[in-house]
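Observations on the model geometry
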Amino acid sequence: MRITEVEAIVLRMPEIDVSAADSTQDALVVRVHTDAGITGVGEVDASPTVVKAIIDAPPSHAISSGLRELLLGEDPRDIERLWDRMYQGSIFYGRRGVGVMAMSGLDIALYDILGKALEVPAYRLMGGARRSSLPAYASTLMPDTPDEAEAHAREVAAQGFGAIKFGWGPFGRDADLDEELVAAVRRGAGEGVDIMLDIGFGWRDAEHAIAMTRRLARYRPRWIEEPLPPDDVEGYARLADAVDVPIAAGEENTTRFEFAELIERGHLDVLQPDISRCGGLTEARRIAAMAHSRGRVCVPHAWSTGIISAASLHLLATLPVAPYLEYCIRPNPLNTGLVRNPVVVEGGRAAVPQAPGLGITLDEAELARFAWDA
Ligand code: MG
């Protein structure tokens, strides 16, 4: 089997709210076509036009090429060889950051192709499933006021979710407001629901983060996520060492090398590789195995379309410890409508897709409706 074409498709809602930390407003979908008539689908949750440029770029020299050129004519079933080929062929400008993010979507598409070729679900290619469903935590943005936060928590808990994450929004503007928001979320969600707090780099330094985490501990957050900027690794270590609440981060990080640093130097408890950013399923498996071997929990970040939800479920089905799928509940059409058979959540649990490959079918009409031509 040979790869005959690689497409990078930019999708974008007509109106974008740039003030919201909501990455469901645009998307970069990849399709990898083969001479066997099988097409693999993937996505990258990064700046879509930047990623498209990295995929489409012509070769400059031996270690600086666009990714499409590195894949054309290759056998798509050689997934790890092609991961190395893309990494080596882009190492001059890639190696971390968006170079690896662009690779991620293509790597996901290769798993989709191999699963379809063998007529098995993608989890079968990664060691097999340990579970056919798992808890999904509802992932949403923190409203601006405590009253709205309480009502939103109550509404989401009533949908049957046993865990809800509130992120970004007003977190970090004012210490008293932070506590009022979290108290309101706990009231709305009730005592039996796990709540997670995503601070969106809102706390100014490690000292402040330690004080705030101690202050919020009485509301029993399951974890506190990204209270500090991603590069304040020493700050993370000081925070994680000082508090009992688990500290989570990693959604901006790529490769096993950066996750090793988050563990060894950052002392993080919960690692959150995004499969569409960290290096695809190939690298996410390595990161998850490393996390497990060092007693850390891996809960992938997933906040884009139904493609990443499915890819994340296939990985989570295989892991020894998989407490949650991150399940974005934003109502934007790219999140809810791009995949015709999206992940099913019932009673707070997400079912692992069982059809070959990722087990999803794109809605071509939605793809055409949001295709963005600069
Ligand atoms: Mg986050």
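These lines cover the structure that appears in this document, whether it is placed above or below. (Residues numbered from 1 in each chain as written. Predicted model: local features only at pLDDT ≥ 70, side-chain atom pairs only at ≥ 80, totals over all residues. Heavy atoms only, no water.)

Describing the overall build of the protein
Looking only at helices and strands, the protein has 13 helices and 13 strands in total. Computed over C-alpha atoms, the radius of gyration of the protein comes to 20 Å, within 12% of the 21 Å expected from 2.2 N^0.38 for 374 residues, which places it in the range of a compact globule. Once local pairs closer than 6 in sequence are excluded, the contacts in the protein between residues at least 24 apart make up 74%. A gap of 5 Å separates the mean positions of the 37 positive and 55 negative side-chain charges of the protein. (Helix = DSSP H or I, 4+ residues; strand = E, 2+ residues; numbered from the N terminus. Rg over C-alpha atoms; globule rule 2.2 N^0.38 Å. Contact = heavy atoms within 4.5 Å. Lys, Arg positive; Asp, Glu negative; His and termini not counted. Charge placed at Lys NZ, Arg CZ, Asp CG, Glu CD.)

Concerning the sheet that holds strand β1 (residues 3-12)
Hydrogen bonds between backbone groups are what pair the strands of a sheet, and the pairing can be parallel or antiparallel. Spatial ordering of the open sheet is given by β1-β2-β3, a layout of three strands whose pairing is antiparallel. Edge positions in the sheet fall to β1 and β3 (39-44), since each of these pairs with one other strand and no more. Ignoring which end each strand starts from, the neighbouring axes of this sheet average 20° apart. The pairing of β1 with strand β2 (residues 26-34) spans nine bridges and is classified as antiparallel. Paired with Val 6 across the bridge in β2 is Val 32. (Pairing = 2+ DSSP bridges. Axes fitted to C-alpha atoms, helices over the stretch in contact; angles between N-to-C directions.)

Here's the deal with the environment of Ala 240
Turning to its location among the elements, Ala 240 is positioned in helix α8 (residues 233-242). You can call Ala 240 buried: its relative accessible area is 12%. Spatially, the C-alpha atoms of Ala 240 and His 267 are 6.2 Å apart, while their sequence positions differ by 27 residues. Not counting chain neighbours up to four residues away, the residues in contact with Ala 240 comprise Ile 247, Gly 266, His 267 and Asp 269. (Buried < 20%, exposed > 50% of the residue type's maximum accessible area, 1.4 Å probe, protein only.)

Quick word on the coordination of the magnesium ion
Six octahedrally arranged donors around a metal ideally form angles of 90 or 180 degrees; four tetrahedrally arranged donors ideally form angles of 109.5 degrees. Surrounding the magnesium ion are the protein donor atoms Asp 198 (OD), Glu 225 (OE) and Glu 251 (OE), which sit 2.1 to 2.2 Å from the metal. On the primary sequence, the residues serving as donors to the magnesium ion are separated as D-x26-E-x25-E. Here Glu 225 lies in strand β7 (residues 221-225) and Asp 198 lies in strand β6 (residues 194-198), a separation of 27 residues in the sequence. Across the pair, Glu 225 and Asp 198 agree in class, each one buried. (Donors = N, O, S within 2.8 Å, 3.2 Å for Na, K, Ca; no water.)

Digging into helix α5 (residues 146-158)
For α5, with 13 residues, the first-to-last C-alpha span of 18 Å sits near the 18 Å given by 1.5 Å per residue. For α5, every residue scored as buried is listed here: Pro 146, Ala 149, Glu 150, His 152, Ala 153 and Val 156. In an axial view of α5, the angular spread of the buried residues amounts to 165°, which keeps them on one side of the axis. In α5, the exposed positions angled more than 90 degrees off the buried face are occupied by Asp 147 and Ala 158. Taken from the residues just after α5, Gly 160 is the one with a positive phi, measuring 100°. (Expected span 1.5 Å × (residues − 1). Arc of directions from axis to C-beta.)

Here's the deal with a nonpolar patch on the surface
The grouping of Ile 63, Phe 92 and Tyr 93 at the surface amounts to a nonpolar patch, some 300 Å² of accessible area in total. By relative accessible area, Phe 92 is classed as exposed at 58%. (Patch = residues over 30% accessible without salt bridge, like charges linked within 9 Å, V, L, I, M, F, W, Y side chains within 5 Å. Areas by Shrake-Rupley, 256 points an atom, 1.4 Å probe, with all protein chains shown as cover. Salt bridge = Lys/Arg side-chain N within 4 Å of Asp/Glu carboxyl O.)

Some remarks on empty space enclosed by the protein
The final tally for this structure, using the stated rule, is one cavity of 30 Å³ or more. Volume-wise, the largest cavity comes out at about 60 Å³. Looking at the lining of the largest cavity element by element, the count peaks at three residues for helix α10 (residues 280-293). Here the lining of the largest cavity is built from residues that sort into six nonpolar, one polar and one charged. (1 Å grid on protein atoms, 1.4 Å probe; cavity = no way out; pocket = protein on both sides within 12 Å on 5 of 7 lines; lining within 4 Å. Points joined across faces, edges and corners; volume = space filled by probe spheres on them. Nonpolar A, V, L, I, M, F, W, Y, C, P; charged D, E, K, R; others polar.)

Some points on the side chain of Arg 186
Secondary-structure assignment places Arg 186 in helix α6 (residues 175-189). Buried charge without a salt bridge: Arg 186, with Glu 191 as the nearest opposite-charge side chain at an N-O distance of 4.6 Å. Arg 186 has contacts with Glu 191, Val 193, Ile 195, Tyr 219 and Arg 220, leaving out every residue within four places of it along the chain.

What to know about the layout of surface pockets
Each pocket or cavity is described by its volume, and for the largest pocket that value is around 420 Å³. Around the largest pocket sit 26 residues that line it, and Ala 21, Asp 22, Ser 23, Asp 45 and Glu 251 are the ones nearest its centre. Elements represented by at least two residues in the lining of the largest pocket include exactly β4 (133-141) and β5 (163-167). Shared between two domains, the lining of the largest pocket holds at least three residues of each, these being domain 1 (3-120) and domain 2 (125-366). Gly 306, Ser 309, Tyr 327, Cys 328, Ile 329, Arg 330, Pro 331, Asn 335, Thr 336, Pro 342 and Val 343 together form the lining of the second largest pocket. The set of elements that each furnish at least two residues to the lining of the second largest pocket consists of α11 (306-318), β11 (325-328) and α12 (333-336). Of the residues that constitute the lining of the second largest pocket, the class distribution is six nonpolar, four polar and one charged. (Domains from an automatic or database assignment.)

Points about the packing of aromatic side chains
If you walk through the whole model with that rule in mind, you get six aromatic pairs. Pairing Tyr 137 with Trp 223 gives two aromatic rings, centres 5.4 Å apart and planes at 85°, and the pair type is edge-to-face. A residue pair is termed long-range when its members are at least 10 positions apart, and Tyr 137 in strand β4 and Trp 223 in strand β7 qualify at 86 residues. Each member of the pair, Tyr 137 as well as Trp 223, carries the same accessibility label: buried. Consider the rings of Trp 223 and Tyr 324, whose centres lie 6.0 Å apart with planes at 70°: the pair is edge-to-face. A residue pair is termed long-range when its members are at least 10 positions apart, and Trp 223 in strand β7 and Tyr 324 in the loop between α11 and β11 qualify at 101 residues. Residue class for Trp 223 comes out buried when judged on its relative accessible area of 0%. For Tyr 324, a relative accessible area of 7% gives the class buried. (Phe/Tyr/Trp six-rings, centres within 6.5 Å; stacked < 30°, edge-to-face > 60°.)

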